[in-house]
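# Overview (structure and organization)
Below, each chain spelled out in residue letters.
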Protein chains: 2
Amino acid sequence: MNKFWSEIANSIEPYTAGEQPKDKKYIKLNTNENPYSPSVKVLDAIRNAANESLKLYPDPTCNDLKTAIAEYYRLDNEQIFIGNGSDEILAFSFMAFFNPKEKVLFPDITYSFYPVFSDLFNIDYKCVPLDDEFNVQTKLLNEENGGIIISNPNAPTGISLPVSSIEEILKNNTDSVVIIDEAYIDFGGESAYKLINKYENLLVVQTFSKSRSLAGLRVGFAMGNSNLINALVKIKNSFNSYTTGKLALIGAIEAIKDNDYFEMTTKKIIKTREIVVKKLKEMGFWVLDSKANFIFISHPKVNAEKLFIELRSRGILVRYFSKKRIDNFIRISMGEIEDMERFIYEINDII
Amino acid sequence: MNKFWSEIANSIEPYTAGEQPKDKKYIKLNTNENPYSPSVKVLDAIRNAANESLKLYPDPTCNDLKTAIAEYYRLDNEQIFIGNGSDEILAFSFMAFFNPKEKVLFPDITYSFYPVFSDLFNIDYKCVPLDDEFNVQTKLLNEENGGIIISNPNAPTGISLPVSSIEEILKNNTDSVVIIDEAYIDFGGESAYKLINKYENLLVVQTFSKSRSLAGLRVGFAMGNSNLINALVKIKNSFNSYTTGKLALIGAIEAIKDNDYFEMTTKKIIKTREIVVKKLKEMGFWVLDSKANFIFISHPKVNAEKLFIELRSRGILVRYFSKKRIDNFIRISMGEIEDMERFIYEINDII
């Protein structure tokens, strides 16, 4: 026990983000960043906004960005919440919708931040096992619960759930909030946002960090019934009135408006994924069916941790999780095609 | 009870930030923003950083900004924590250092976010009364507690505590963490940061929003013993790995380096305050002795709420708190001298 730390500071085991090493230049395929630059329209708008007005607080309601997202998805501003990255929104959601002593359900293999949020806010949880092929077993989500959170596509597997399965989960859980974390939805998955008018307990969370190439700005958003959004607003205003800065808001508005660039870059990443998957399968890898900007792979003969270390020594960073069930997999973010060719060359050489 | 909201979302009463109206152009003296632009060096650096690198996550350790602050204050990087505005750091501090059921002490008249943080994290608190002149009574801070938080200069009074009084508080409280919230320290107060090497339980929190004209960027920082900083890092990494964006980090680095501009603008604000205070006293106002970029005033004959409403109708926004002991005061942020002359003219006309 550290005398000056709170009980929670003493006990909590924080989330570990992918490494951001500075010792040398790597081909960085470990944190699911987008290999393409943000839209030039985004960069121009930010440059124009770097002016005297930064002395003033940003709009705490983030109204202009809400309007841009509402137009894009044909929703109302009242159905949208803006946050400092989707992780902040998830943290607020755990506070806004889940209670201590009421078990929250999520898959045993999923985004490893969910158990950390649960521990931080003293919320019970139960991990529901994925099947042997790493699919979510919706029938296991019918037990009494204080909330459900599903990453779709799932991380780190990349496997996606059809919206029909999400609707099945919603039909079986009308008394608790169901959060669908769609950080990677734009790379081939199907968003559940269309269900928010039908299910008052559905919250869909997305981010500008992946498909819109803006990890450096810190913007995420949630879509849901205005009643759920109001709870998030209450929690945010009890934590930090202004979590999203002016330049982040302005950049995000332009990013959502430049749909052509978004379509072009996401399509390129999907195409790259298809090429890489094909080549890895030819090498004998088990490649899970990914609808994300990363893939999760395992080789029957070569140890994954060894692959991770060997790739690192050759200047290629991927992500390895030393965790039961997935400790013989590595996760590879999709980079530019030239970097992926280099990756294919090196991994082929290693095995 | 709202069925889908957590207990805390149902019960919490959020903090109310100063209004940011859009109906017309006001002389805005209500949210303690700086009337002067950020340094041109800050704006140039942000424009240069609006490039492809925004596709990547920011450095989660914020190391370059820590180095810049460490050089400025002659501290070590390990003694510094960076956050998304000082409010986020205060929220993390309540989680990192305070426990439910152990009473945290703060003055009855102070930053109204402290009781909200307490409620949000289910932490008990006790308000210690300021004396009749609104000074902190340090002798009342000797009772057993689970932590102390003092705003210095205090808000909304502007009254500052000498470092000797803070040292007295520290000497009497060696078993709990003492947080000094120095959001307004650069306008004439004396920072307690020099005591962090001597008192392992002292955390000093500052912001770039006020004296460095960067409210729109969202950057704050804390200084303390590395052991306290480590607790904040643990909590942050259990909440949101990247709370401060790339452009915010880069802007803040230039802001701390451009000391000439900082000195010039803070001196101008202090000078403006002296002029305004003198004129208000001549009109019969009781003006508390402010070391902040705002003043807190009361008139023996004119009701403060009426003053607030009348000023608003004349296009000048100030802040009014309908709260016991201070409901006959208004708080006025220091604007540019031309705006303050207009304020003086209008308030004189009203009374």
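Everything here concerns the structure above.
Residues numbered from 1 in each chain as written. Chains lettered and ligands numbered in written order. Predicted model: local features only at pLDDT ≥ 70, side-chain atom pairs only at ≥ 80, totals over all residues. Heavy atoms only, no water.

Here we come to the interface of chain A and chain B. Across the contact, 83 residues belong to chain A and 83 residues belong to chain B. Summing both partners gives a buried area of about 6700 Å² for chain A against chain B, and 57% of it is carried by carbon and sulfur. If you sort the residues of chain A by the area they bury against chain B, A:Phe4, A:Tyr57 and A:Phe239 come out on top, with a joint share of 13%. B:Asp175 serves as the salt-bridge partner of A:Lys3, at 3.1 Å between the closest nitrogen and oxygen. Taken together, chain A and chain B are joined by 44 residue pairs in polar contact (both at pLDDT 80 or more). Among the elements of the structure, α1 (7–11), α2 (40–49), α4 (86–97), α5 (113–120), α7 (226–236) and α8 (246–257) of chain A are those that each provide at least two residues to the side of chain A that touches chain B. Examining the composition of the side of chain A that touches chain B, we find that seven residues originate from one element, α4(A), more than from any other. Looking at the side of chain A that touches chain B residue by residue, the class counts come to 40 nonpolar, 27 polar and 16 charged. (Contact = heavy atoms within 4.5 Å. Buried area = accessible area lost by both parts, 1.4 Å probe. Salt bridge = Lys/Arg side-chain N within 4 Å of Asp/Glu carboxyl O. Polar contact = N/O pair within 3.5 Å; in protein donor to acceptor, adjacent residues only side chain to side chain. Helix = DSSP H or I, 4+ residues; strand = E, 2+ residues; numbered from the N terminus. Nonpolar A, V, L, I, M, F, W, Y, C, P; charged D, E, K, R; others polar.)

Moving on, we get to the sheet that holds strand β8 (residues 220–224) of chain B. Residue and element names in this part refer to chain B. Within the open sheet, the seven strands sit side by side as β2-β8-β7-β6-β5-β3-β4. Their pairing is mixed. The open sheet is flanked by β2 (80–83) and β4 (125–128), the only strands paired with a single partner. In this sheet, neighbouring strand axes are inclined to one another by 20 degrees on average, regardless of whether the strands run parallel or antiparallel. Taken together, the four bridges between strand β6 (residues 178–181) and strand β7 (residues 202–207) define a ladder with parallel strand orientation. (Pairing = 2+ DSSP bridges. Axes fitted to C-alpha atoms, helices over the stretch in contact; angles between N-to-C directions.)

Moving on to the relation of the copies chain A and chain B. Mapping chain A onto chain B calls for a rotation angle of 180 degrees and an axial translation of 0.0 Å; the resulting RMSD is 0.0 Å. When the rotation and shift are considered jointly, the pair of chain copies conforms to a two-fold rotation axis. No C-alpha of chain A approaches the rotation axis more nearly than that of A:Arg47, which lies at 2.4 Å. Interface overlap between copies is the fraction of interface residues in one copy that are interface residues in the other; for chain A against chain B it reaches 100%, indicating a shared surface. (Least-squares fit on C-alpha atoms with pLDDT ≥ 70 in both.)

Residues and elements named next belong to chain A. With mixed pairing, the seven strands of this open sheet are ordered in space as β2-β8-β7-β6-β5-β3-β4. Single-partner strands in this sheet number two, and they are β2 (80–83) and β4 (125–128). Between one strand axis and the next, the sheet turns through 20 degrees on average, direction left out of account. Summarising the sheet, strand β3 (residues 104–107) and β4 pair through four bridges and their orientation is parallel. When the bridges of β4 are listed, Pro 107 appears paired with Val 128.

Let us now look at the pattern of salt bridges. Scanning the entire structure with this criterion turns up 30 salt bridges over all chains. B:Lys55 is the salt-bridge partner of B:Glu52, the closest N and O atoms lying 2.6 Å from each other. Taking relative accessible area as the criterion, B:Glu52 reaches 38% and is therefore assigned partly exposed. Among the salt bridges present, the one from B:Asp349 reaches B:Arg314, with a minimum N-O distance of 2.7 Å. Of the two residues, B:Asp349 sits in helix α11 (residues 337–350) while B:Arg314 sits in the loop between α10 (304–313) and β11 (316–317), which places them 35 residues apart along the sequence. For B:Arg314, a relative accessible area of 22% gives the class partly exposed. Several salt bridges share partner residues, and in doing so they unite A:Glu310, A:Arg314, A:Arg342, A:Glu346 and A:Asp349 into one network. (Buried < 20%, exposed > 50% of the residue type's maximum accessible area, 1.4 Å probe, protein only.)

For any two helices packed against each other, one specifies the crossing angle of their axes together with the interaxial distance. All names here are of chain A. Two numbers describe how α2 lies on α8: the axes approach to 8 Å, and their chain directions differ by 150 degrees. Put simply, α2 runs roughly antiparallel to α8. Handedness of the α2/α8 crossing: right-handed. Taking contact as the criterion, the partners of Lys 41, Val 42, Ala 45, Ile 46 and Ala 49 in α2 are, on α8, Leu 247, Ile 250, Gly 251, Glu 254 and Ala 255. A breakdown of the residues in the contact of α2 with α8 according to their chemical character gives seven nonpolar, one polar and two charged. (Parallel < 35°, antiparallel > 145°, perpendicular 65-115°, else oblique. Left-handed = near helix turned anticlockwise from the far one by under 90°.)

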